[in-house]
Amino acid sequence: MAEDSVLLREGLTALLDRFGHQVVAAVGDADALTAAVSRHTPDLVVTDVRMPPGFQDEGLRAAVALREGDPSLPVLVLSQYVQRAYAADLLDSGDGTGVGYLLKDRVGQVEDFDAALRAVAAGGTVVDPEVVRQLLRRRRDPLERLTPREREVLALIAEGRSNASVARQLVVSEAAVGKHIGNILAKLDLPPADDTHRRVLAVLTYLRA
């Protein structure tokens, strides 16, 4: 099990023990998860998405890599977030069996969580409906959520313009441009990271759309 929150990790360990599961390793980062799987060859991996050092998608990327190395390894992602960039890769890994993605805040009963664990470990697939909804939305035009003005701003950024240049072109303040860019990054579901890196990802999304 991989979960960076010590209290939640210990709580989940106790809960799993209560339902008769044996936790062979409880770790706090993706590298430790990969090492633990190699060392213990578990029947099931339970992991969060965001973990050290970047607190972005390390846990989910590790899960995808583990499934690429062993498509038969059952993996259940338990997170507060839907990280759409890799969620589809995880659910598509192997033959789509022995995999799950649940949202922590939407697990209503601990018995339901235990049932999900057992289903995934047995080769089943368990996916929260909200995860499905967001993944289906991802398959549509990623720019459809942008307003006409936000599309205009993104087009100018794709030309290599600075915020000041965009502001002059649109005859608005730089603060207004900054607000539009913030909205664009949020609507494109770009993970928190260096702003320059996010702008590049936004431009790539625009060029691919």
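This one's a predicted model, so the numbers in the text were calculated from it and none came from an experiment.

### Observations regarding the overall build of the chain
The helix and strand inventory of the chain stands at 10 helices and 4 strands. Counting helices and strands in the order they occur from the N terminus, the chain gives α-α-β-α-β-α-β-α-β-α-α-α-α-α. Taken along its principal axes, the extent of the C-alpha atoms in the chain is 65 × 35 × 30 Å. Out of the 209 residues belonging to the chain, those deemed buried represent 42%.

### Description of the packing of helix 7 (residues 148-158) against helix 9 (residues 174-187)
At a minimum axis separation of 10 Å, helix 7 and helix 9 run at an interaxial angle of 95°. Taken together, the axis directions place helix 7 and helix 9 in an arrangement best described as roughly perpendicular. Contacts from Arg149, Glu150, Val153, Leu154 and Ile157 of helix 7 reach helix 9 at His180, Ile181, Asn183, Ile184 and Lys187. Taken together, the residues that form the contact of helix 7 with helix 9 break down as 5 nonpolar, 2 polar and 3 charged.

### Notes on helix 3 (residues 58-69)
Three or four residues apart is the spacing at which side chains of an α-helix point the same way, because the helix has 3.6 residues per turn. The end-to-end C-alpha distance of helix 3, which contains 12 residues, comes to 16 Å, matching closely the 16 Å that a straight helix rising 1.5 Å per residue would cover. Of the positions making up helix 3, those classed as buried are Glu58, Gly59, Leu60, Ala62, Ala63, Val64, Leu66 and Arg67.

### Some words on unusual backbone geometry
Among all residues save glycine, negative phi is the norm, and among peptide bonds the norm is trans. For the bond from Pro52 to Pro53, the omega torsion is 5°, close enough to zero to count as cis. Tracing the backbone shows Pro53 in the loop between strand 1 (45-47) and helix 3. Positive phi is not limited to glycine here, since Phe55 has a value of about 55°. Within the secondary structure layout, Phe55 lies in the loop between strand 1 and helix 3. The backbone of Val171 shows a phi angle near 55°, a positive value even though the residue is not glycine. Note on placement: Val171 falls in the loop between helix 8 (163-170) and helix 9. By relative accessible area, which is 71% here, Val171 ends up exposed.

### A look at the domain arrangement of the chain
Once the domains are mapped, the chain shows domain 1 (6-136) and domain 2 (148-208). For domain 1 and domain 2, the distance between their C-alpha centres works out to 34 Å.

### Regarding the side chain of Asp114
Assignment of secondary structure puts Asp114 in helix 5 (residues 110-121). Those residues in contact with Asp114 that lie beyond four places of it in its chain are Phe19 and His21.

### Points about the packing of aromatic side chains
Scanning the entire structure with this criterion turns up 0 aromatic pairs. For the cation-ring pair, Arg50 lies above Tyr81, with the distance from its terminal atom to the ring centre recorded as 3.7 Å.

How each quantity is defined
Residues numbered from 1 in each chain as written. Predicted model: local features only at pLDDT ≥ 70, side-chain atom pairs only at ≥ 80, totals over all residues. Heavy atoms only, no water. Helix = DSSP H or I, 4+ residues; strand = E, 2+ residues; numbered from the N terminus. Buried < 20%, exposed > 50% of the residue type's maximum accessible area, 1.4 Å probe, protein only. Axes fitted to C-alpha atoms, helices over the stretch in contact; angles between N-to-C directions. Parallel < 35°, antiparallel > 145°, perpendicular 65-115°, else oblique. Contact = heavy atoms within 4.5 Å. Nonpolar A, V, L, I, M, F, W, Y, C, P; charged D, E, K, R; others polar. Expected span 1.5 Å × (residues − 1). Domains from an automatic or database assignment. Phe/Tyr/Trp six-rings, centres within 6.5 Å; stacked < 30°, edge-to-face > 60°. Lys NZ or Arg CZ within 6 Å of the ring centre and 35° of its normal.

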